[in-house]
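Below, each chain spelled out in residue letters.
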Amino acid sequence: MTSQTMRRRLRHGDVDGKKHEHLVGADLDDLNEPLLGKNDDYEAKQLEVQDLDDILYDEKRKEHLHWTFLFSHIISEWAQWLARVLLGSGSFIARILTLPSTIGNGPTKKFLPPLLTPLQESRLRALQKRLEVPFDGSCMEHQDALRKLWRSAYPNRELPGLKSEVWKDMGWQGNDPSTDFRGGGFISLENLIFFAHTYPEAFENLLNKNEGNRAEWEYPFAVAGINISFMLVQMLDIQSGLPTSLSGVRFLQFLSNDESAFDELYCVAFKLMDAHWLARRASYMEFNEVIKSTRRQLEKELAIEDVTSVKDLPAYNLLTVETMRM
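Thresholds applied
Residues numbered from 1 in each chain as written. Predicted model: local features only at pLDDT ≥ 70, side-chain atom pairs only at ≥ 80, totals over all residues. Heavy atoms only, no water. Helix = DSSP H or I, 4+ residues; strand = E, 2+ residues; numbered from the N terminus. Buried < 20%, exposed > 50% of the residue type's maximum accessible area, 1.4 Å probe, protein only. Phe/Tyr/Trp six-rings, centres within 6.5 Å; stacked < 30°, edge-to-face > 60°. Lys NZ or Arg CZ within 6 Å of the ring centre and 35° of its normal. Polar contact = N/O pair within 3.5 Å; in protein donor to acceptor, adjacent residues only side chain to side chain. Expected span 1.5 Å × (residues − 1). Contact = heavy atoms within 4.5 Å. Axes fitted to C-alpha atoms, helices over the stretch in contact; angles between N-to-C directions. Parallel < 35°, antiparallel > 145°, perpendicular 65-115°, else oblique. Nonpolar A, V, L, I, M, F, W, Y, C, P; charged D, E, K, R; others polar. pLDDT = per-residue confidence, 0-100. Core = buried A, V, L, I, M, F, W, Y, C linked by side-chain atoms within 4.5 Å. Salt bridge = Lys/Arg side-chain N within 4 Å of Asp/Glu carboxyl O.

**Considerations on unusual backbone geometry**
Backbone geometry places Asp 237, a non-glycine residue, at a positive phi of 55°. Looking at where Asp 237 falls in the secondary structure, it is placed in the loop between α7 (221-236) and α8 (246-257). Unusually for a residue other than glycine, Arg 281 sits at a positive phi of about 50°. Relative to the helices and strands, Arg 281 resides in the loop between α9 (261-280) and α10 (287-302). Under the relative-accessibility criterion, Arg 281 is labelled exposed at 74%.

So this is what it looks like as structure tokens:
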């Protein structure tokens with residue numbers, strides 16, 4: 001046909017008893033399929049073209065994936081390097097990048113932990129390994145640590161056996177201290193020893209209940225110490241992985257400044273707990289409520305923007321007062 005438009009004759013059924021037919025015009029350029037049936041030569045050529053297109057498409061796709069992977073790898077390496085530089089510099093930019101992001105609202109609110117510096121990561125892992133160690137009364141290292149605590153608490157008294165009624169003087173509930181650790185683990189004993197060596201006067205005052213008007217039924221010192229260790233672990237959300245509580249995220253900053261941040265915070269928490277105890281004029285049956293109020297105050301202080309170490313906490317002043325008296 002010489003015209004760019006072909007006409008097809010279409011028949012329709014009878015309408016009012018008459019045959020109707022009409023012509024429909026269609027531009028060749030608008031047709032997606034041939035009007036006539038495909039012959040074999042045409043199909044063969046089409047398959048050859050299709051196969052060639054598929055091969056070329058696969059090659060381009062492979063090349064695209066290769067460059068995408070390579071580019072992503074380069075970006076990832078660069079981002080990690082930049083994070084180490086910025087987060088390790090203590091710069092203003094580093095502080096901006098380490099601000100926690102939140103997920104959810106209200107009591108279910110969680111925080112996305114910031115990127116850890118290599119120093120933070122290594123110190124957090126070391127702390128988590130300490131948390132995994134249960135107290136073992138048959139372990140010589142743990143027995144020696146218990147004896148070390150006794151000598152720190154009572155340097156002028158005779159060292160008792162591992163099972164003795166005398167242990168109750170320190171605030172153990174029975175004659176065998178190993179039965180009181182339970183969920184506290186070996187780290188709670190390490191916390192008590194750290195407290196005795198780092199803040200000896202504050203430790204002695206709490207041990208002997210030297211300050212304030214005490215209740216007739218006081219909290220047992222050693223067992224209270226184990227409970228404080230357990231409370232801190234729960235509050236900071238540091239049992240495994242990265243913490244998602246605000247207190248835990250802020251605590252990661254403390255680790256940058258001091259690898260003993262957990263032990264230091266323990267000392268603050270113990271002294272703060274005793275202050276709450278005296279303020280409430282509490283007795284033994286109210287100990288759990290005192291622990292809860294202590295935790296709430298610590299969480300508030302950890303949320304203060306300018307607090308970057310344990311010694312920045314307002315409650316740390318309770319320990320420094322003891323040190324100034326020495």
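**Considerations on the packing of aromatic side chains**
This model, assessed by the stated rule, comprises 16 aromatic pairs. Ring geometry for Phe 195 and Phe 270: centres 5.8 Å apart, planes at 45°, overall tilted. Of the two residues, Phe 195 is situated in helix α5 (residues 185-198) and Phe 270 in helix α9; the sequence distance between them amounts to 75 residues. Of the two residues examined, Phe 195 and Phe 270, each falls in the buried class. Looking at Arg 157, its charged tip hangs above the ring of Tyr 154, at a distance of 4.7 Å from the centre. For Lys 209, the ring lying beneath its charged end belongs to Tyr 219, and the centroid distance is 4.4 Å.

**Some remarks on the side chain of Asp 263**
If you trace the backbone, Asp 263 turns up in helix α9. You can call Asp 263 buried: its relative accessible area is 5%. A polar contact of 3.1 Å, which involves the side chain of Asp 263, links it to the side chain of Arg 130.

**Some words on α10**
Counting along an α-helix, one turn takes 3.6 residues, and residues three or four places apart therefore face a common direction. A rise of 1.5 Å per residue sets the reference length of α10, with its 16 residues, at 22 Å; its end C-alpha atoms lie 23 Å apart and thus fit the reference within 8%. If you check which residues of α10 are buried, you get Phe 287, Val 290, Ile 291, Ser 293, Thr 294, Leu 298, Glu 301 and Leu 302. Packed against the buried residues of α10 are α7, α8 and α9.

**With respect to the packing of α5 against α9**
Closest axis-to-axis distance for the α5/α9 pair is 9 Å, and the angle between their directions is 75°. Judged by the inter-axis angle, α5 sits roughly perpendicular to α9. On α9, the residues touching Ile 187, Glu 190, Asn 191, Leu 192, Phe 194, Phe 195 and Thr 198 of α5 are Phe 262, Asp 263, Glu 264, Tyr 266, Cys 267 and Phe 270. Split into classes, the residues belonging to the contact of α5 with α9 amount to 8 nonpolar, 2 polar and 3 charged.

**Some details on the confidence of the model for the protein chain**
Predicted confidence across the protein chain gives a mean pLDDT of 77, with 63% of residues reaching 70 or more. This model gives residues 1-40 a pLDDT under 50, and the stretch forms 34 contacts once residues within four places in sequence are excluded. For residues 85-99, every residue scores under 50 in pLDDT, and the model assigns this stretch 16 contacts once sequence neighbours within four places are set aside.

**Brief notes about the side chain of Ser 188**
For Ser 188, the location among the structural elements is in helix α5. For Ser 188, a relative accessible area of 0% translates into the label buried.

**Details of the nonpolar core**
Ranked by internal contacts, the top residues of the largest apolar core, which has 65 residues, are Met 170, Phe 195, Leu 232, Phe 251 and Phe 270. When contributions to this core are tallied by element, the ones reaching two or more residues are α3 (118-131), α4 (140-153), α5, α6 (200-208), α7, α8, α9 and α10. If we skip the residues at most four places from it in the chain, Phe 195 touches Pro 200, Ala 202, Phe 203, Leu 206, Tyr 266, Cys 267, Phe 270 and Leu 319.

**Notes on the pattern of salt bridges**
One pass over the structure, following the stated rule, counts 10 salt bridges. Of the charged contacts, one joins Asp 263 and Arg 130 as a salt bridge, the two residues approaching to 3.1 Å between their closest N and O atoms. In this pair, Asp 263 is assigned in helix α9 and Arg 130 in helix α3, connecting sequence segments 133 residues apart. One salt bridge connects Asp 274 with Arg 214, and the closest N-O pair in it is separated by 2.7 Å. You can see Asp 274 sitting in helix α9 and its partner Arg 214 sitting in the loop between α6 and α7, a full 60 residues away along the chain. We classify Asp 274 as buried; its relative accessible area is 3%. Via salt bridges that share partners, Arg 130, Glu 190 and Asp 263 belong to a single interconnected network.

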